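Structural description and commentary
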Amino acid sequence: AQKITQTQPGMFVQEKEAVTLDCTYDTSDQSYGLFWYKQPSSGEMIFLIYQGSYDEQNATEGRYSLNFQKARKSANLVISASQLGDSAMYFCAMRVMDSSYKLIFGSGTRLLVRP
Amino acid sequence: DTGVSQDPRHKITKRGQNVTFRCDPISEHNRLYWYRQTLGQGPEFLTYFQNEAQLEKSRLLSDRFSAERPKGSFSTLEIQRTEQGDSAMYLCASSLEDRGTDTQYFGPGTRLTVL
């Protein structure tokens, strides 16, 4: 069965420091996609970054980078130079390669950035 | 570029009443998804449309739930005879079928409270 596991319910980070949010996944598919979304208290899911299973380079988008270790089935999100506005829930998701391409989400990590 | 919009943002209803939510996807997106998110969890897939065709429904979608996407534009999700267990955030997402990331972009959600 396909599954996303996020083992950190909550994390603290000091403003301007880097933080890593963990994500492991389970799938028997050879082709898949991994996503990270940010959900502020307002509720909207904001797309951050994408990694394809065949991508050889780790994805980067501004202050976000994805540490993709295929053999270990991990796709950790690294946020550099944390800002107060980064305080939110963060969800890792995997796109299922069936007829729907739906996303399977982990349970999320709540990040709090301290001033 | 206008994002995904959802209406209403909040809905409070009494048990047994019917409710209907609307989602307007990004205009050129042909794929539309509905997810449900309960407190402290990641979103769970409910149903998927490609253009106007509903191609997949989750087992979470009981016979009290129905979704439509007439003419492949906006979509509606109706819940009949609401129950307290239906209280959740209902999220709509859309994506453009392509050979790339097929990233799903989410709306702000409709938060349903069933009294």
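As shown above, the structure is provided for reference.
Report on the accompanying structure. Bear in mind the structure is a predicted one, so any value in this text is a computation, not a measurement.

Okay, the overall build of chain B next. A tally of helices and strands in chain B yields zero helices and eleven strands. Of the regular secondary structure in chain B, the N- to C-terminal order runs β-β-β-β-β-β-β-β-β-β-β. Scaling as 2.2 N^0.38, a compact globule of 115 residues should have a C-alpha radius of gyration of about 13 Å, and chain B matches this with 14 Å. Principal axes of the C-alpha set define a box for chain B whose edges measure 45 × 25 × 20 Å. In chain B, which comprises 115 residues, the proportion classed as buried is 47%. Nonlocal contacts in chain B, meaning residues at least 24 apart in sequence, comprise 53% of its contacts between residues at least 6 apart. Positive and negative side-chain charges in chain B, numbering 15 and 15 respectively, have mean positions lying 7 Å apart.

All names here are of chain B. With respect to topology, four strands assemble into an open sheet ordered β1-β3-β8-β7, the strand pairing being antiparallel. The sheet is open, and its two edges are formed by β1 (5-7) and β7 (65-68), each paired on a single side. Across the sheet, the mean angle from the axis of one strand to that of its neighbour is 15 degrees, orientation sign disregarded. Note: strand β3 (residues 19-24) against strand β8 (residues 75-79), five bridges, orientation antiparallel. Residue R22 lies in a different strand from β8, and its bridge partner there is T76.

Moving on to the pairing of strand β10 (residues 88-95) of chain A. All names here are of chain A. In terms of burial, β10 is a largely internal element, eight of the eight residues being buried. Pairing of strand β5 (residues 33-39) with β10, which is carried by seven bridges, proceeds in the antiparallel orientation. Bridging across to β10, W36 finds its partner in C92. Where β10 meets strand β12 (residues 109-114), three bridges bridge the pair, whose relative direction is antiparallel. Counted as the bridge partner of A88 is L111 from β12. Relative to strand β11 (residues 103-105), β10 is paired through three bridges, and the arrangement is antiparallel. Within β11, the position partnered with R95 by the bridge is L103.

Core analysis: the largest hydrophobic core is formed by 24 residues, its most contacted members being A:L34, A:W36, A:I49, A:L77 and A:Y90. Elements that contribute at least two residues to this core include exactly β3 (19-21), β5, β6 (46-52), β8 (64-69), β9 (74-79), β10 and β12 of chain A. For this core, the leading source of residues is β10(A), giving four residues. B:F65, B:A67, B:A88 and B:L112 belong to the second largest nonpolar core, which has 19 residues in total.

Rules used throughout
As a convention, each chain's residues are numbered from 1 in the sequence order in which they are written. Chains carry letters from A onward and ligands carry numbers from 1 onward, assigned in written order. Totals for whole chains, interfaces and linings use every residue, but because this is a predicted model, local features are given only for residues with pLDDT of at least 70 and side-chain atom pairs only at 80 or more, for both listing and counting. Water and hydrogen atoms play no part in the side-chain values, which are based on all heavy atoms of the structure. Here a strand is any run of E in DSSP of at least two residues, a helix any run of H or I of at least four, and the numbering for each starts at the N terminus. C-alpha atoms define the radius of gyration in this analysis, and the globule rule sets the expected value at 2.2 Å times the number of residues to the power 0.38. Each residue is assigned to one of three classes by its accessible area relative to the maximum for its type, calculated with a 1.4 Å probe on protein chains only: buried under 20%, partly exposed between the two thresholds, exposed over 50%. Contact criterion: two residues are considered in contact whenever any of their non-hydrogen atoms come within 4.5 Å of each other. Here the positive residues are Lys and Arg and the negative ones are Asp and Glu; neither His nor the chain ends is included. Taken as the charge centre is NZ of Lys, CZ of Arg, CG of Asp or CD of Glu, depending on the residue. Strands pair, by our definition, only if DSSP identifies at least two bridges between them. Here, axes are lines fitted to C-alpha atoms. For helices the fit covers the stretch in contact, and angles between N-to-C directions go from 0 to 180 degrees. Each nonpolar core is a collection of buried residues, namely Ala, Val, Leu, Ile, Met, Phe, Trp, Tyr and Cys, held together in the definition by side-chain atoms within 4.5 Å.

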